[in-house]
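Here is how the chains run, residue by residue.
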Amino acid sequence: MKIDLHSHTYYSDGHLSPKELIDRAHSMQVDVLAITDHDTVQGIDEALAYQKQLKRPLHIVPGVEISTSWHNFDIHVLGLNVDHQDTDFLQQLELQSLERDRRAQQMSDKLEKAGVANVLEDAKALAGVGQLTRAHFARVLVNRQVVKDFDSVFKKYLGKGKRAHVKPKWISIQQAVSWIHQAGGKAVLAHPGHYDMTTKWLKRLVAEFAEAGGDGMEVIHSHLSPERKKLLAELAAAHGLNSSSGSDFHYPNRWTELGKNLALPEQLVPIWHEWAFVNHLMQTDQQHT
């Protein structure tokens, strides 16, 4: 059975509509898919409505990826199996959207001073109905051939300390965990193997995430070395965190794919171990094998 608990649509920085994402999940034989756009649950109902029309079963887990600030790092926390229609939760996420808009305006102003005008307008056009992210700014600069690729955008303009970087004012990890729990979900530390920090800082992050009431962490995600996977598994076990896995899928490419290579180490407790729908799917799958 394939479970992928981290994916994006064009409601944040993914390229696919919810319908297109669901179609791709079916083509990859995914059985459980969490849609986790950045600071929004806007695409969930659209995905659920579309899936109802299809014959092949696919359980969609309502989710979100919340941006937080921790010791000058931008840390992402997944909210899995949340009540995506909860009024308080939606109001809280709206605060994140307002912060995105503030940061976007300041980034655009700084880019204009650096000689690159009207980026905000083009970034909004790319984002469409979705949240404005730095990825949209990066796509504008690449499309205009200001720089050659995404990496160059962040190295020259949008990365920490660069000409157009704006420090975001995100909520704390503790607040994110609280929001997620109030919405009935599980709080999971997203892609801990990808943060630009030393192993010492990573260990501190995982420890403080657990202390904040976090439920789990992504032990398996894209582009991890065997050594990194081993370290993450050890940290999850040491701090009593459940394990999760997700592709962090944004668009079709040769590096990431929905449901691919996401099997968890057997000794760890998966974040979905108490989810009745997953247990039912597993029992059904075992009966058919």
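Details of the structure are given in the entry above.
Residues numbered from 1 in each chain as written. Predicted model: local features only at pLDDT ≥ 70, side-chain atom pairs only at ≥ 80, totals over all residues. Heavy atoms only, no water.

Description of the sheet that holds strand E4 (residues 73-80)
Think of a sheet as strands paired side by side through backbone hydrogen bonds, with each pair either parallel or antiparallel.
Part 1 of the argument: One open sheet holds the 7 strands; their spatial order is E1-E2-E3-E4-E5-E6-E7, and the pairing between them is mixed. One side of each edge strand has no neighbouring strand; the edge strands of this open sheet are strand E1 (3-4) and strand E7 (242-245).
Part 2 of the argument: Summarising the sheet, E4 and strand E5 (residues 186-189) pair through 4 bridges and their orientation is antiparallel. Considered in E5, the bridge of Gly79 is made with Ala187.
Part 3 of the argument: Against the sheet, helix H7 (residues 173-182) makes contact with strand E3 (59-70), E4 and E5, and its axis sits at roughly 155° relative to E3, the strand it touches most. (Pairing = 2+ DSSP bridges. Helix = DSSP H or I, 4+ residues; strand = E, 2+ residues; numbered from the N terminus. Contact = heavy atoms within 4.5 Å. Axes fitted to C-alpha atoms, helices over the stretch in contact; angles between N-to-C directions.)

Side note on the pairing of E5
Part 1 of the argument: Relative to strand E6 (residues 216-220), E5 runs parallel, the two being bridged by 2 bridges. In the sheet register, Leu189 faces E6, and the bridge partner there is Met217.

Description of the pattern of salt bridges
Part 1 of the argument: Applying the stated rule across the entire model yields 9 salt bridges.
Part 2 of the argument: With a shortest N-O distance of 3.4 Å, Lys19 and Asp23 are connected by a salt bridge. A residue pair is termed a helical-turn pair when its members lie 3 or 4 positions apart in one helix, as Lys19 and Asp23 do in helix H1 (residues 18-27) at 4 residues.
Part 3 of the argument: Relative accessible area serves as the criterion here: at 40%, Lys19 is assigned to the partly exposed category.
Part 4 of the argument: Across the salt bridge formed by Lys230 and Glu234, the nearest N and O atoms sit 2.6 Å from each other. (Salt bridge = Lys/Arg side-chain N within 4 Å of Asp/Glu carboxyl O. Buried < 20%, exposed > 50% of the residue type's maximum accessible area, 1.4 Å probe, protein only.)

Topic: the environment of Asp31
Part 1 of the argument: Note on placement: Asp31 falls in the loop between H1 and strand E2 (32-35).
Part 2 of the argument: A sequence separation of 43 residues divides Asp31 from Asp74, and the C-alpha atoms of the two residues are 31 Å apart.
Part 3 of the argument: If we skip the residues at most four places from it in the chain, Asp31 touches Met1, Lys2, Arg56, Leu58, His59 and Leu281.
Part 4 of the argument: Polar side-chain contacts of Asp31 include one of 2.8 Å to the backbone nitrogen of Lys2. (Polar contact = N/O pair within 3.5 Å; in protein donor to acceptor, adjacent residues only side chain to side chain.)

Description of helix H5 (residues 134-143)
Part 1 of the argument: Inspection of H5 places Ala135, His136, Phe137, Ala138, Val140 and Leu141 among the buried residues, and these make up the whole buried set.
Part 2 of the argument: Turning to H5, the residues buried within the fold contact helix H3 (87-113), helix H4 (119-127) and helix H6 (150-158).
Part 3 of the argument: Two residues or fewer after H5 comes Gln145, characterised by a positive phi angle close to 65°.

Digging into the pairing of E2
Part 1 of the argument: Of the two faces of E2, the one carrying Val32 and Ala34 and the one carrying Leu33 and Ile35 are both buried.
Part 2 of the argument: Alignment of E1 against E2, held across 2 bridges, turns out to be parallel. In the sheet register, Asp4 faces E2, and the bridge partner there is Leu33.
Part 3 of the argument: Between the parallel pair E1 and E2, the chain is carried across by H1, and the sense of this crossover is right-handed.
Part 4 of the argument: Of the pairings in the sheet, the one linking E2 to E3 comprises 4 bridges and is parallel in character. Pairing of Leu33 across the sheet is with Ile60, part of E3. (Right-handed = clockwise from strand over helix to strand, strands pointing away.)

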